[in-house]
Amino acid sequence: MLKSPFDLAPPHPSGWLWLLPRLAFGLFIATVVGLLWQSNRAETEEQRMTMISDVLWLEQDLRFLLEHNEELLGRIELRQSATIASFESQASALLANQTGLRWIRWLAADGGTVQALPVMAELPVAEDALRLTRSLGKPIYRPPYQLSDGDWLFDVYVPVFRGGTTSGFLVGSYSLQRLVDQSVPWWLAERYRIVITDSSGAPLASRSKIEAPPTDAGYQLSFDPPGHGLLIQASPYRIPRPLVGRLLSVALVVLAAVVLWSLWALRRHVHKRLAAEHALLEEHGFRKAMENSVQAGLRARDLSD
């Protein structure tokens, strides 16, 4: 039995032919997203490792400075015959050497102040620090305290011995803000906001080079010496990503969009072609049926003659 040409169904491509480009496109998008994520993660991790290395370097540099100042303070001669002028000469040289020191005091063995440079109002003397320094025979750091002008200080008590006994003390009073300003290099301040905080997180001194706001992805490290809960905290600035990286990301997104549009255009073209082939098959089938009908009619008339 001859089928009607209108019963012919349009041909359809195999399912895997359409599944393959869709799968390839999905893998391409996943690859692009994965590359962008991995690149951003690698960049973030590299910045964090660099920040940790920089903070460790700064902590070691400050530690070396404080230990070197301990030696310099211990070298100031406090002999019985030492004069006030001799103390002032040696202390002035130490204060002018960008050591972070704001005051240097000469204390007698009983804790009384013999001389201080520069001249200042009386600063408190910690009796517990004197006893601990005398018993241990080594420098002792005191917790930070705030002056009326808002500056935060911490003291180091360095014992001075003569004849095996403690003959006096040299007290170096560090300004935390001066220490940060003089010890944090410019290149480090351009990368991070450096803050010295107490154990509760309250800032005591800071230095920053640019006005960009810091991020929350910072790193902190114990500041010991002097210790007593002090922390060094570094926060990187929110600096825009390089233009090349952003252009690469945009190019990948545009490329993905072009691939998607190409797939959609190819699918539309194939559907149009299949529709045209189906119409051609219908037309061919109709003409074939007409030709067959004409030949059958002629045979019928010939047989009746």
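Residues numbered from 1 in each chain as written. Predicted model: local features only at pLDDT ≥ 70, side-chain atom pairs only at ≥ 80, totals over all residues. Heavy atoms only, no water.

## Some details on the pairing of strand β6 (residues 165-175)
In step 1: Burial analysis of β6 places ten of its eleven residues in the buried class, which makes it a mostly covered element.
In step 2: Bridge count between strand β1 (residues 101-108) and β6: seven bridges; the pairing is antiparallel. Paired with Trp103 across the two strands is Ser173, which belongs to β6.
In step 3: Two strands pair when backbone bridges link them, and strand β5 (residues 152-162) and β6 are joined in this way by ten bridges, in the antiparallel orientation. Its bridge partner lying in β6, Val160 is registered against Gly168.
In step 4: Where β5 folds back onto β6 in an antiparallel hairpin, the turn is made up of two residues, including Gly163, whose phi is positive at roughly 65°. (Buried < 20%, exposed > 50% of the residue type's maximum accessible area, 1.4 Å probe, protein only. Helix = DSSP H or I, 4+ residues; strand = E, 2+ residues; numbered from the N terminus. Pairing = 2+ DSSP bridges.)

## Some points on the sheet that holds strand β10 (residues 231-236)
In step 1: Reading across the sheet, the four strands line up as β8-β7-β10-β9 and stay open at both edges, with antiparallel pairing between neighbours. Each having just a single partner strand, β8 (203-207) and β9 (219-222) make up the two edges of the open sheet. The average angle at which neighbouring strand axes cross in this sheet is 20°, direction not considered.
In step 2: As defined by bridge partners, strand β7 (residues 192-197) adjoins β10 across six bridges and the pair is classed as antiparallel. When the sheet's bridge partners are listed, Thr197 is paired in β10 with Leu231. (Axes fitted to C-alpha atoms, helices over the stretch in contact; angles between N-to-C directions.)

## Considering helix α4 (residues 176-183)
Three or four residues apart is the spacing at which side chains of an α-helix point the same way, because the helix has 3.6 residues per turn.
In step 1: Those residues of α4 not exposed but buried are Leu176, Leu179, Val180 and Ser183. An end-on view of α4 places all buried positions within 95° of arc, on one side of the element. (Arc of directions from axis to C-beta.)

## Some remarks on unusual backbone geometry
In step 1: Pro225 follows Asp224 through a cis peptide bond whose omega is 0°.
In step 2: Looking at the element boundaries, Pro225 is found in the loop between β9 and β10.
In step 3: Pro226 follows Pro225 through a cis peptide bond whose omega is 5°.
In step 4: As for its placement among the helices and strands, Pro226 is situated in the loop between β9 and β10.
In step 5: Unusually for a residue other than glycine, Gln98 sits at a positive phi of about 50°.
In step 6: Take Gln98: it is sitting in the loop between α2 (84-95) and β1.
In step 7: Judged by relative accessible area, which is 55%, Gln98 ranks as exposed.
In step 8: One non-glycine residue, His228, lies in positive phi territory at about 60°.

## Some remarks on the side chain of Arg207
In step 1: Along the chain, Arg207 falls in strand β8.
In step 2: Of the side chains with opposite charge, Asp181 comes closest to the buried, unpaired Arg207, at an N-O distance of 4.8 Å.
In step 3: In this view, Arg207 contacts Val180, Asp181, Val184, Pro185, Trp186, Ala189, Tyr192, Arg193 and Ile194; residues no more than four positions away in its chain are not counted. (Lys, Arg positive; Asp, Glu negative; His and termini not counted. Salt bridge = Lys/Arg side-chain N within 4 Å of Asp/Glu carboxyl O. Contact = heavy atoms within 4.5 Å.)

## Details of the confidence of the model for the protein chain
In step 1: Looking at the protein chain as a whole, the pLDDT averages 80, with 82% of positions reaching at least 70.
In step 2: Model confidence for the protein chain, summarised as mean pLDDT per element, is weakest for helix α6 (residues 243-304) at 72 and strongest for α4 at 94.
In step 3: Across residues 1-8 the pLDDT falls below 50, and counting only partners more than four positions away or on other chains, this stretch makes six contacts in the model. (pLDDT = per-residue confidence, 0-100.)

## Examining helix α3 (residues 127-136)
In step 1: If you check which residues of α3 are buried, you get Ala129, Leu130 and Thr133. For α3, the angular spread of buried residues about the axis comes to 100°, placing them on one side. Exposed side of α3, more than 90 degrees from the buried face: Arg131 and Ser135 are the residues found there.
In step 2: Here the buried face of α3 lies against β1, β3 (140-141), β5 and β6.
In step 3: With its phi angle positive at about 70°, Gly137 sits one or two positions after the end of α3.

## Here we look at the nonpolar core
In step 1: Membership of the largest hydrophobic core comes to 38 residues, with the highest contact counts inside it found for Phe87, Ile104, Ile194 and Phe223.
In step 2: For this core, the element with the most residues is helix α1 (residues 15-75), which contributes seven residues.
In step 3: Among the nonpolar cores identified, the runner-up in size contains seven residues, and Ala129, Leu130, Phe169 and Val171 belong to it. (Core = buried A, V, L, I, M, F, W, Y, C linked by side-chain atoms within 4.5 Å.)

## Regarding the pattern of salt bridges
In step 1: Applying the stated criterion across every chain, the model contains eight salt bridges.
In step 2: Across the salt bridge formed by Asp155 and Arg105, the nearest N and O atoms sit 3.3 Å from each other. Of this pair, Asp155 sits in strand β5 while Arg105 is found in strand β1, placing the two residues 50 residues apart along the sequence.
In step 3: Between Arg273 and Glu277 there is a salt bridge whose closest N-O contact spans 3.5 Å. One end of the pair is Arg273 and the other is Glu277, both in helix α6 and four residues apart, which spans about a single turn.
In step 4: With a relative accessible area of 53%, Arg273 lands in the exposed category.
In step 5: Accessibility expressed as a relative area gives 34% for Glu277, which makes it partly exposed.
In step 6: Each of the salt bridges in this network shares a partner with another, and the network as a whole consists of Arg102, Asp149 and Asp151.

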